[in-house]
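Tertiary structure, described
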Amino acid sequence: MKQNLAKRWLFYVVGLIILALGIALTIKGRLLGLGSWDVLHYGLWQTFGLTIGSWAIITGAVIVLLTAIGMRRWPKIGVYINMFAIGVFIDIFNWLIPDVEGWFAHSLIFALGLFVMAFGVAFYITPNLGAGPRDTLMLVLVEKFNMKLSMARNVMELGAAVAGFLLGGPVFIGTVIIILGLGRLIEVFLPLTRKLMVRFLGGEDPDIIKVI
């Protein structure tokens, strides 16, 4: 059982790294825009310096604090691993991946990043070891303000995109594509990541989630 848990954590962290790679790819294809939260992180970097990954961690930490106040309890360890791993690996991949020039190259690398992001999210949620800080905040909005899940998500995405745009973050058609299409792509990849997880564990695991 302990060995299976360790493997699930490994699967979780690998998924976070894949997600960070996808985010870094979309950053390289930023002429098409970025996802809402990445618009904010990019805008903060443009305005105040540091790195995009650092701002992902900082905003995540602020959200964790707000969530802890709202829920009157600290989130589980998976939230902190999510926050730090994604921020660190965004910076690593952003440094490793070369910049590209022109709309065609940006479009290709953005499209690749979108699919990698979706696969990474499906990969890391399959072991069912905890959501990220932003997903946790979304659940707080649902619980405290009696919002529908979709409404809470839309409020958060819109707020992050507007704030990031005002700070100079790139908002364009790609931002809309990520907001509307990422969830659907995640659903497409979930059956595959579930099969990979079961094979990695050497058999069926009843704790693996079946739906997003």
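About the thresholds
Residues numbered from 1 in each chain as written. Predicted model: local features only at pLDDT ≥ 70, side-chain atom pairs only at ≥ 80, totals over all residues. Heavy atoms only, no water. Patch = residues over 30% accessible without salt bridge, like charges linked within 9 Å, V, L, I, M, F, W, Y side chains within 5 Å. Areas by Shrake-Rupley, 256 points an atom, 1.4 Å probe, with all protein chains shown as cover. Salt bridge = Lys/Arg side-chain N within 4 Å of Asp/Glu carboxyl O. Lys, Arg positive; Asp, Glu negative; His and termini not counted. Charge placed at Lys NZ, Arg CZ, Asp CG, Glu CD. Helix = DSSP H or I, 4+ residues; strand = E, 2+ residues; numbered from the N terminus. Buried < 20%, exposed > 50% of the residue type's maximum accessible area, 1.4 Å probe, protein only. Expected span 1.5 Å × (residues − 1). UniProt positions renumbered as here; feature names shortened; annotations may be inferred. Core = buried A, V, L, I, M, F, W, Y, C linked by side-chain atoms within 4.5 Å. Contact = heavy atoms within 4.5 Å.

Once that is clear, we can look at a positive patch on the surface. Positive charge collects at one region of the surface, where Arg72, Arg73, Lys76 and Lys144 lie side by side. Here Lys76 lies in the loop between α3 (52–71) and α4 (77–96).

Here we take up a nonpolar patch on the surface. A cluster of nonpolar side chains, namely Leu31, Trp103, Phe172, Ile173, Val176, Ile177, Ile179 and Leu180, defines an oily patch on the protein surface of about 740 Å² accessible area. A total of five residues in the nonpolar patch trace back to one element, the largest contributor, which is helix α8 (residues 173–201). Within the secondary structure, Leu31 is located in the loop between α1 (2–28) and α2 (36–48). You can call Leu31 partly exposed: its relative accessible area is 37%.

For α4, with 20 residues, the first-to-last C-alpha span of 28 Å sits near the 28 Å given by 1.5 Å per residue. Considered for burial, the residues of α4 that qualify are Gly78, Val79, Asn82, Met83, Ala85, Ile86, Gly87, Ile90 and Phe93.

The next thing to look at is the UniProt feature "transmembrane region" (unreviewed entry) in the protein chain. When the UniProt feature table is mapped onto this chain numbering, "transmembrane region" (unreviewed entry) sits at residues 9–27, 47–70, 77–97, 103–125 and 158–182. Across residues 47–70 one finds 88% helix and 0% strand; the C-alpha atoms that close the span lie 29 Å apart.

On to the nonpolar core. In this structure, Leu19, Ile23, Ile27, Ile90, Tyr124, Leu182 and Ile186 are the most contacted members of the largest nonpolar core, which totals 42 residues. Every element with two or more residues in this core is listed here: α1, α2, α3, α4, α5 (103–125) and α8. With 12 residues, α5 is the largest single contributor of residues to this core. When sequence neighbours within four positions are dropped, the list of residues in contact with Ile23 reads Asp38, Ile86, Ile90 and Met117. Met71, Leu137, Leu141 and Ala152 belong to the second-largest nonpolar core, a separate cluster that totals 13 residues.

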